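Here are the chains, one letter per residue:
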Amino acid sequence: MCRGSDTNPCSVPRLLLLLLLLPLLLAAVAQEIYAPHSIRVEGDVTLGGLFPVHARGLPGTPCGDIRKENGIHRLEAMMYALDQINGDEELLPNVTLGARVLDTCSRDTYALEQSLTFVQALIQKDTSDVRCTNGEPPVFVKPEKVVGVVGASASSVSIMVANILRLFQVAPGMNFHLHIHRLHHRGHCPNTFLGTEVIVKLIIIIIIIIISALRPSEIPQISYASTAPELSDDRRYDFFSRVVPPDSFQAQAMVDVVKAMGWNYVSTVASEGSYGEKGVDAFMQLSREAGGICIAQSVKVPHDNSPAVFDKIIRLLLDNQQARAVILFTSDEDIRGILNATKRADQVGHFLWIGSDSWGAKNSPIQQLEDAAVGAITILPKRATISGFDAYFTSRTLENNRRNVWFAEYWEENFNCKLMSSSKKDDSSRKCTGQERIGIDSKYEQEGKVQFVIDAVYAMAHALHNMQKDLCPENSGICPEMEQAGGKKLLKYVRSVSFNGSAGTAVTFNRNGDAPGRYDLFQYQLNNVTGPGYHVIGQWTETLQINMEDLQWPSGEREIPSSVCSLPCRSGERKKVVKGIPCCWHCESCDGYQYQLNEFTCKLCSYNMRPDANRTGCQPIPITNLEWSSPWAVIPVFLAMLGIIATIFVMATFIRYNDTPIVRASGRELSYVLLTGIFLCYIITFLMIAKPDVGVCSFRRIFLGLGMCISYAALLTKTNRIYRIFEEGKKSVTPPKLISPTSQLAIASSLISLQLLGVFIWFGVDPPNTIIDYDEQKTVDPIQARGVLKCDITDLQIICSLGYSILLMVTCTVYAIKTRGVPENFNEAKPIGFTMYTTCIVWLAFIPIFFGTAQSAEKTLIRRGQPARNITVFHRGEAVTARLHLFIHTFIHPRTIISIRQILGAAALDTVQYTLFIKH
């Protein structure tokens, strides 16, 4: 707001507004000062009053029918408050409050024209040389100086009035001097007309108005019903205050109600004008800030409406069937139009109405439409019924209430009778007797804003009282200082008042002139213990307090109806929001190893986790290892035990006959080495099945290739000895070196030590450890997923560990081929050769299977044959190695018994003796 000096260029907008208002002001000056359609109460200080005594008229007519509750009740509330204040010896002692009350006819433009009456006192006329045509001076009624205005009701009217009041100043030295020499006012100077001098004088008025625009106006205004949020703008409406909370508070309460009901898809309907449009704007803004509420339709009801307009509105609302909740910022007439259209569309009970304070707890908007209003939740600033006003109003008659110029019209409407020939009632109406009584011969219920009208008048009175105490400490009435004080000083006192209002609640204003937000929540119910009507279901004072158990809905149901675009997604489903409508979505399941991170996102569980049953989180994948009770462990253990028993039996036989010639001749030292290797090959089966830990993994590394290395080292030493003996025998009769039993043990031990050396190097480079393999058994169905606890041994490390044994095997095979032509008596070479041939074939088949198909094929086989809890049996290297051991043992073990007889030192034994030994 511009607050500069007289030359401040910021005053230009005020000049433009003045030019727009100029025709209305000229009309007001040219008319009679005392408007016949107004109430004038004499007093030391005059307050203005603006009330919607009549409804909006038809096109071409400013005013329509009289409004009994919103008009007359509120107007009489101001009269009642003035009587109470003037009769109070402590409040404004020796000061009488007067009033100038005008009818706004529920139309902002008409109210603007009427409100010019409040500023006529600022135009001081010099009538010393003004004469009527008969030579007599004209009779002028001195206009009262209005120091403050109570009103208006509609926000659009208050905005318009606030703008005009800002253009004039109640301050010393700013009275307008108008010298009109031959000015005529009809009814005072008969048979005359307005002379040409008036035109010149009107030009002077324009100049004076433009000069006055450079000074800010100072006429405080307190509204009792205007709740538009834009009136909280202290820069534009700095002299406006109100005893009702703004719609921003009401809109917040409505947002809280919607969220408390669990609704997220609503429509809005607003009456054209500041109240409806700004109220809906505030609701939409707050709903966006709160989040979780979407607007399906936002409809505006025009001023010039008809049943067809309301039918179209209902059709628009029905375009979104899911949006059953409807926010209403509408006038009484528009509420009736909407409810009637609902009945015509046969949609009674479909919509869930949430009405603003314009609906409140009034019966007039729903009269004869109660079935369409059932379940409606309405909001009304917290109020109380003023019993003193009820006694005052019901005692009003045509005789004792002549100061109200509209009371006769109210009397006719209220009692449906006719007082005079000029009455609007038709000739068939009965005549009024004047003996009718309000509340006895007619229905009476105090209008909801009566309390606030009284509080607004008292707020002005308390401000004037405080200003009188400060400016007139020595006078009991109005002193010159108070008369010369401007409206700006009065506004300061208005904003600082604090007193208990007519309902016992505190009346205060914040820095923007707004009252604190205190609302009661009502619901219209048919089936209630107290009968049909509005029932309090909660309140809102910055936070919502609502009694859910007291709610009733159409058809008497207790469960809260839904007004949502999409139903909530189930656990484990994410929302895929429809573009542009955040409250509408499609539900998509989180599949695979995903879980629901939030309502919009699915996230993949970490590698060692899987989603829980409802997919709202992750849980560890179960760890499994081969159990001793598993058939996949029982069979290898059984075969290994057979092999161990056979090996022990053979070894025990050798020990028993250790010193016999046949045992000594067979090379008992290497036979023991060979039997030890075979024994270790069987033992490794138990290490493969045992639960992996550091100790088990260490022994697996050692014994994985040691058993075969010992076996192949013994066979290689034997075949090498046979080969060297026969090769040396071709050259000389001297026996070759290193063929004694001690030498043979040394050679075999050397070959075995290389295997152990490699294992120890492996320990140093990569210490043994356990790992959990989650990839091997990560099934498509997360429920079947398992982690495999195994030793940290890679496939390459297994092959390297067995590689040395393979080298010994190949070398032994070469010597077996070379010794295949030895004499028949040395027949041990042939079984050894046969064993080596078959072993090579096994290894040649094992290598590609190990690297190519062992993993997938074995997994498939195991999954088909094993219950889900024991799916994992072997790591592929362990399983294949176990199979390899059993296969090799099958071929080696029979041959082992045969190869016990060594060629060297057994030449004297023939085949019969050898066979007998085996049988024995």
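What you see is a predicted model; the values in this text were computed from it and never measured.

(A) A look at the overall build of the protein. Along the protein, the regular secondary structure elements total 25 helices and 31 strands. Of all 920 residues assigned to the protein, the portion counted as buried reaches 53%. Considering only contacts in the protein between residues 6 or more positions apart, those separated by 24 or more positions represent 70%. Of the roughly 41600 Å² of accessible surface on the protein, 57% is carried by carbon and sulfur atoms.

(B) Representation of the UniProt feature "transmembrane region" (unreviewed entry) in the protein in the model. On the UniProt side, "transmembrane region" (unreviewed entry) is annotated at positions that read residues 146-168, 189-214, 632-658, 670-690, 702-723, 796-817 and 829-851 here. The distance separating the terminal C-alpha atoms of residues 632-658 is 39 Å; by composition the span is 93% helix and 0% strand. The annotated region residues 702-723 carries 100% helix and 0% strand content, and the separation between its end C-alpha atoms amounts to 31 Å.

(C) View of the packing of aromatic side chains. By the definition in use, this model includes 20 aromatic pairs. Residues phenylalanine 393 and tyrosine 444 carry aromatic rings whose centres are separated by 5.6 Å and whose planes lie at 25° to one another, so their mutual orientation is stacked. Remark: tyrosine 444 occurs in the loop between β17 (430-431) and α13 (450-471) and phenylalanine 393 occurs in helix α11 (residues 387-394); sequence separation between them is 51 residues. These aromatic residues form a ring-pair network of at least three members: Tyr80, Phe389, Tyr392, Phe393, Phe407, Tyr410, Trp411, Phe415 and Tyr444. Taking the ring centre of tryptophan 585 as reference, the NZ or CZ of lysine 575 above it sits at 3.8 Å. The aromatic ring of tyrosine 593 is capped on one face by lysine 778, whose charged end is 5.2 Å from the ring centroid.

(D) The arrangement of the environment of isoleucine 560 in detail. With respect to the helices and strands, isoleucine 560 occurs in the loop between β22 (544-546) and β23 (573-578). Under the relative-accessibility criterion, isoleucine 560 is labelled partly exposed at 31%. A C-alpha to C-alpha distance of 8.5 Å links isoleucine 560 and glycine 262, two positions 298 residues apart in sequence. The residues touching isoleucine 560, leaving out its near neighbours within four places in the chain, are Met261, Trp263, Met548 and Trp553.

(E) Spatial organisation of the environment of arginine 610. The residue arginine 610 is located in strand β27 (residues 609-611) in this model. Separated by 171 residues in sequence, arginine 610 and aspartate 781 have C-alpha atoms that sit 9.8 Å apart. Separated by 3.2 Å, the side chain of arginine 610 and the backbone oxygen of proline 782 make a polar contact.

(F) Spatial organisation of the side chain of arginine 615. Inspection of the secondary structure assignment puts arginine 615 in the loop between β27 and β28 (618-620). A distance of 2.8 Å separates the side chain of arginine 615 from the backbone oxygen of glutamine 594, its partner in a polar contact. Not counting residues within four places of it along the chain, the set of residues in contact with arginine 615 comprises Gly572, Cys590, Asp591, Gly592, Gln594, Tyr595, Gln596 and Pro782.

(G) Fine view of the pairing of strand β4 (residues 63-66). Of the strand pairs in this sheet, strand β3 (residues 54-56) and β4 are connected by 2 bridges, and their pairing is antiparallel. Pairing of histidine 54 across the sheet is with isoleucine 66, part of β4. Counted between consecutive antiparallel strands, the loop separating β3 from β4 contains 6 residues, among which glycine 60 sits at a positive phi close to 95°.

(H) Representation of the confidence of the model for the protein. Mean pLDDT over the protein works out to 79, with 79% of the residues at or above the 70 mark. Predicted confidence for residues 169-208 stays below pLDDT 50, and this span has 76 contacts to residues more than four positions away or in other chains. Here residues 854-920 is a poorly scored stretch, pLDDT under 50, and it has 138 contacts once near neighbours within four places are set aside; other chains count.

(I) A look at empty space enclosed by the protein. Per the counting criterion, the structure on display carries 14 cavities of 30 Å³ or more. Volume-wise, the largest cavity comes out at about 130 Å³. Contributing to the lining of the largest cavity are 14 residues, with Val243, Phe452, Thr505, Ala506 and Arg518 lying nearest its centre. Tallying contributions element by element places α13 first for the lining of the largest cavity, with 3 residues.

(J) How the structure looks around the packing of helix α19 (residues 694-731) against helix α21 (residues 795-818). At their nearest, the axes of α19 and α21 sit 9 Å apart, and the two run at 15° to each other. When the axis of α19 is compared with that of α21, the two are roughly parallel. In this structure, α19 crosses over α21, and the sense of that crossing is left-handed. Contacts between α19 and α21 involve Arg701, Leu704, Gly705, Met708, Cys709, Tyr712, Ala713, Leu715, Leu716, Thr719, Asn720 and Tyr723 on the former and, on the latter, Ile798, Ser801, Leu802, Tyr804, Ser805, Leu808, Met809, Thr811, Cys812, Tyr815 and Lys818. For the contact of α19 with α21, the per-class residue count stands at 15 nonpolar, 6 polar and 2 charged.

The rules behind the values
Residues numbered from 1 in each chain as written. Predicted model: local features only at pLDDT ≥ 70, side-chain atom pairs only at ≥ 80, totals over all residues. Heavy atoms only, no water. Helix = DSSP H or I, 4+ residues; strand = E, 2+ residues; numbered from the N terminus. Buried < 20%, exposed > 50% of the residue type's maximum accessible area, 1.4 Å probe, protein only. Contact = heavy atoms within 4.5 Å. Areas by Shrake-Rupley, 256 points an atom, 1.4 Å probe, with all protein chains shown as cover. UniProt positions renumbered as here; feature names shortened; annotations may be inferred. Phe/Tyr/Trp six-rings, centres within 6.5 Å; stacked < 30°, edge-to-face > 60°. Lys NZ or Arg CZ within 6 Å of the ring centre and 35° of its normal. Polar contact = N/O pair within 3.5 Å; in protein donor to acceptor, adjacent residues only side chain to side chain. Pairing = 2+ DSSP bridges. pLDDT = per-residue confidence, 0-100. 1 Å grid on protein atoms, 1.4 Å probe; cavity = no way out; pocket = protein on both sides within 12 Å on 5 of 7 lines; lining within 4 Å. Points joined across faces, edges and corners; volume = space filled by probe spheres on them. Axes fitted to C-alpha atoms, helices over the stretch in contact; angles between N-to-C directions. Parallel < 35°, antiparallel > 145°, perpendicular 65-115°, else oblique. Left-handed = near helix turned anticlockwise from the far one by under 90°. Nonpolar A, V, L, I, M, F, W, Y, C, P; charged D, E, K, R; others polar.

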